[in-house]
Amino acid sequence: MTRQVHLNVNILNLGVFGGSWRFPGTDPLASFGISHYVNIARKAEEAKLDAVFLADGPVLGEDIRHRPFNSLEPTVVLAAIAASTSKIGLIGTLSSSYNDPYDVARRLATLDVLSRGRSGFNVVTTAGVAAARNFGLTEEPDHGDRYRRAAEFVEVVRTLWNSWEPDALVGDRSSHTFVDTSKIHDADFVGEHFQVAGALNVPRSPQGEPVVVQAGASKDGRALAARVGEVVFSAAQTIDEAREYYQDVKRRAAALGRDPSQVVILPGLSTVIGSTEKEAKERRELLDELVPPQYALDRLAGQLGVPAEALKLDGPLPWDLLRDPDSAGGSQTFYRIALGLARRENLTVRQLLRRLGGGAGHRIVVGTPEQIADSILEWVDVGIADGFNLMPDVLPSGFDDFADHVVPELQRRRRFRTEYTGSTLRENLGLSVPSFARGARRVAS
């Protein structure tokens, strides 16, 4: 059977590139208006995508002078999108480092019930001392500690989502029974990081539980993805990198007793689309020119943990100052991607900045709709991706180009749906509805 492609769109402010907000015809302040998100979500639903995806971080970034930032709380934005759509999935990022699991479980269960089974929880472990200080800490927690907390966080959230049996909500006028209380169960959870006594106050949705999404390329990140991730958002620049990650996470999941087919792996993909290859390349060149060089240099220095003056634009990376990715703080995923690119292609700092584009470290494909479709199907057909988390170059125009031209090309090749066959996010993604599991569910160790 020909594999069908899964596609989400990451509504990353005004696009993944640092200068996307300056692109001609773009409203630079649009990402602070709800119509920006609703209109993209409606377009995604018209194109039959699986879901919209919202990134997040509980900190005011240092680069706000030069680009938009993630500041709007995702579940609030997704609630507005839910009210304006009917089929598209709604995936929101929430930090396990700086949230309480009962509150997160309740917010996402509410979104899931009101959207009739369309929500997803992208669980992240927030890096950086700036975020830590916003929550009363003097330094960021250890990388391994963040992931242990995240694993328990997901366990608590899932326990709470299983407070209610599927048929607990009755609404029987004749017997004066609104809820069968014998089918509501306290969490009674006691762990290393959390203690939660009671039941959730929100019933189960049509998809049972919101879909759990996870991203991470470090050893700890891969372990968490294999343990809890139903959708895994990955980063890879090459086929070999993607193959190693895909096979490793699926193998880890199987070793934990999970069905690997129930782990959907979606690498990030940035697209720059033109009606001709020349037009696409010119668009990419303009996007590069719209990023102030000093801003790009300072951003890279911060992500690598080195002084900005140590980076010479036309020289190599200061390899003597760089650490092994396993011991790096912050985002180990970006660290691995950036160092791998520079080493593999022998790039100068200037060349690396251009290759990274938006700075997120995800693969960038530049070309016509047919070439973009070819690239998508190449990775899916060799078995190293189940689809992609799209990160368009500019929003909304870059996504409009994808929805209007790449999606029809994939549909023409019979590789992407022309209609939704279900109404929940799980149905979109081909994931099973979890069976009800009473009481705390211990995560495999």
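Only a predicted model underlies this, so the values are computations on that prediction, with no experimental measurement involved.

> Looking at this structure, I do not really get the overall build of the chain. What am I missing?
A count of helical and extended segments in the chain gives 14 helices and 13 strands. On C-alpha atoms alone, the chain measures out to a radius of gyration of 22 Å, which is about the 22 Å that the 2.2 N^0.38 rule sets for 445 residues. Counting across all 445 residues of the chain, residues that qualify as buried make up 54%. When the accessible surface of the chain is summed, it comes to about 19,000 Å², and 50% of that surface belongs to carbon and sulfur atoms. Across the chain, 51 positive and 57 negative side-chain charges occur, with their mean positions spaced 2 Å apart.

> I keep staring at unusual backbone geometry and nothing clicks. Help me out?
Generally, phi is negative for residues other than glycine and the peptide bonds are trans, each holding for most cases. Of the consecutive residues leucine 395 and proline 396, the connecting peptide bond is found in the cis state with omega at 10°. For proline 396, the location among the structural elements is in the loop between strand S13 (387-390) and helix H13 (397-412). The backbone of asparagine 13 sits at a positive phi, close to 55°, despite the residue not being glycine. If you trace the backbone, asparagine 13 turns up in the loop between strand S1 (6-10) and helix H1 (34-46).

> Got a minute to help me understand the side chain of asparagine 8 in this structure?
With respect to the helices, strands and loops of the structure, asparagine 8 is situated in strand S1. Among the polar contacts made by the side chain of asparagine 8, one reaches the main-chain amide nitrogen of alanine 51 at a distance of 3.2 Å. When near neighbours in sequence (up to four residues on either side) are disregarded, asparagine 8 contacts Leu49, Asp50, Ala51, Ile91, Leu266, Phe388, Asn389 and Leu390.

> How should empty space enclosed by the protein be read in this particular structure?
Once rolled over the atoms, a probe with the size of a water molecule shows which space is left empty. Inspection of every chain in the model, using the stated rule, returns three cavities of 30 Å³ or more. A volume near 110 Å³ is recorded for the largest cavity. Along its surface, the largest cavity is lined by 13 residues, and Asn13, Tyr37, Asn70, Ser71 and Leu72 are the ones closest to its centre. Among the residues forming the lining of the largest cavity, the class breakdown is nine nonpolar, four polar and no charged. Residue lining of the second largest cavity: Ala109, Asp112, Val113, Leu160, Trp161, Leu200, Val202, Pro203, Arg204, Ser205, Gly208 and Pro210, and that is the complete set. Going through the elements one at a time, helix H3 (101-114) and helix H5 (143-161) are the ones with two or more residues in the lining of the second largest cavity. If you tally residues by element for the lining of the second largest cavity, the top one is H3, at three residues. By residue class, the composition of the lining of the second largest cavity is eight nonpolar, two polar and two charged.

> Sorry if this is basic, but what is going on with the environment of leucine 429 here?
Mapped onto the secondary structure, leucine 429 falls in helix H14 (residues 425-429). In the structure, leucine 429 is positioned 43 residues away from aspartate 386 in sequence and 9.8 Å away in space, judged by C-alpha atoms.

> What exactly am I supposed to notice about the packing of aromatic side chains here?
For any pair of aromatic rings, geometry is given as the distance between the ring centres together with the angle between the planes. Taken as a whole and assessed by the stated rule, the structure comprises six aromatic pairs. Relative to phenylalanine 194, the ring of phenylalanine 153 has its centre 5.7 Å away and its plane inclined at 80°; by these criteria the two rings are edge-to-face. Here phenylalanine 153, found in helix H5, pairs with phenylalanine 194, found in the loop between strand S7 (189-190) and strand S8 (195-196); they are 41 residues apart in sequence, far enough to count as distant. Judged by relative accessible area, phenylalanine 153 falls into the buried class, the value being 0%. Its relative accessible area of 8% is what places phenylalanine 194 among the buried residues. Following the ring pairs from residue to residue traces out a cluster consisting of Phe121, Phe153 and Phe194. When the ring centre of tryptophan 379 is taken as origin, the NZ or CZ atom of arginine 363, which lies over that ring, is 3.8 Å away. When the ring centre of phenylalanine 416 is taken as origin, the NZ or CZ atom of arginine 417, which lies over that ring, is 5.5 Å away.

> Before we go on, may I ask you to explain H5 in this structure?
For the α-helix, the turn length of 3.6 residues means that residues three or four positions removed from each other point alike. Helix length check: H5 (19 residues) gives 27 Å between terminal C-alpha atoms against 27 Å at 1.5 Å per residue, within 8%. With a side-chain oxygen positioned 3.0 Å from the backbone nitrogen of glycine 144, the residue opening H5 is aspartate 142.

> When you look at the pattern of salt bridges in this model, what are you seeing that I'm missing?
Oppositely charged side chains can pair when the atoms bearing their charge come close. With the rule as written, the count across this model stands at 30 salt bridges. One salt bridge in this structure joins arginine 222 and aspartate 248, with 3.0 Å as the shortest N-O distance. Within this pair, whereas arginine 222 is found in helix H6 (residues 219-228), its partner aspartate 248 is found in helix H7 (residues 239-255), the two being separated by 26 residues in sequence. Residue aspartate 248 is classed as buried on the basis of its relative accessible area of 11%. Between aspartate 314 and arginine 350 there is a salt bridge whose closest N-O contact spans 2.8 Å. Taken as a pair, aspartate 314 in the loop between helix H9 (293-304) and helix H10 (332-345) and arginine 350 in helix H11 (residues 349-356) lie far apart in primary sequence, 36 residues in all. Through salt bridges that share partners, Arg222, Glu244, Asp248, Arg251 and Arg252 make up one connected network.

The rules behind the values
- Residues numbered from 1 in each chain as written.
- Predicted model: local features only at pLDDT ≥ 70, side-chain atom pairs only at ≥ 80, totals over all residues.
- Heavy atoms only, no water.
- Helix = DSSP H or I, 4+ residues; strand = E, 2+ residues; numbered from the N terminus.
- Rg over C-alpha atoms; globule rule 2.2 N^0.38 Å.
- Buried < 20%, exposed > 50% of the residue type's maximum accessible area, 1.4 Å probe, protein only.
- Areas by Shrake-Rupley, 256 points an atom, 1.4 Å probe, with all protein chains shown as cover.
- Lys, Arg positive; Asp, Glu negative; His and termini not counted.
- Charge placed at Lys NZ, Arg CZ, Asp CG, Glu CD.
- Polar contact = N/O pair within 3.5 Å; in protein donor to acceptor, adjacent residues only side chain to side chain.
- Contact = heavy atoms within 4.5 Å.
- 1 Å grid on protein atoms, 1.4 Å probe; cavity = no way out; pocket = protein on both sides within 12 Å on 5 of 7 lines; lining within 4 Å.
- Points joined across faces, edges and corners; volume = space filled by probe spheres on them.
- Nonpolar A, V, L, I, M, F, W, Y, C, P; charged D, E, K, R; others polar.
- Phe/Tyr/Trp six-rings, centres within 6.5 Å; stacked < 30°, edge-to-face > 60°.
- Lys NZ or Arg CZ within 6 Å of the ring centre and 35° of its normal.
- Expected span 1.5 Å × (residues − 1).
- Salt bridge = Lys/Arg side-chain N within 4 Å of Asp/Glu carboxyl O.

Bear in mind that shape data such as this cannot, by itself, settle questions of function.
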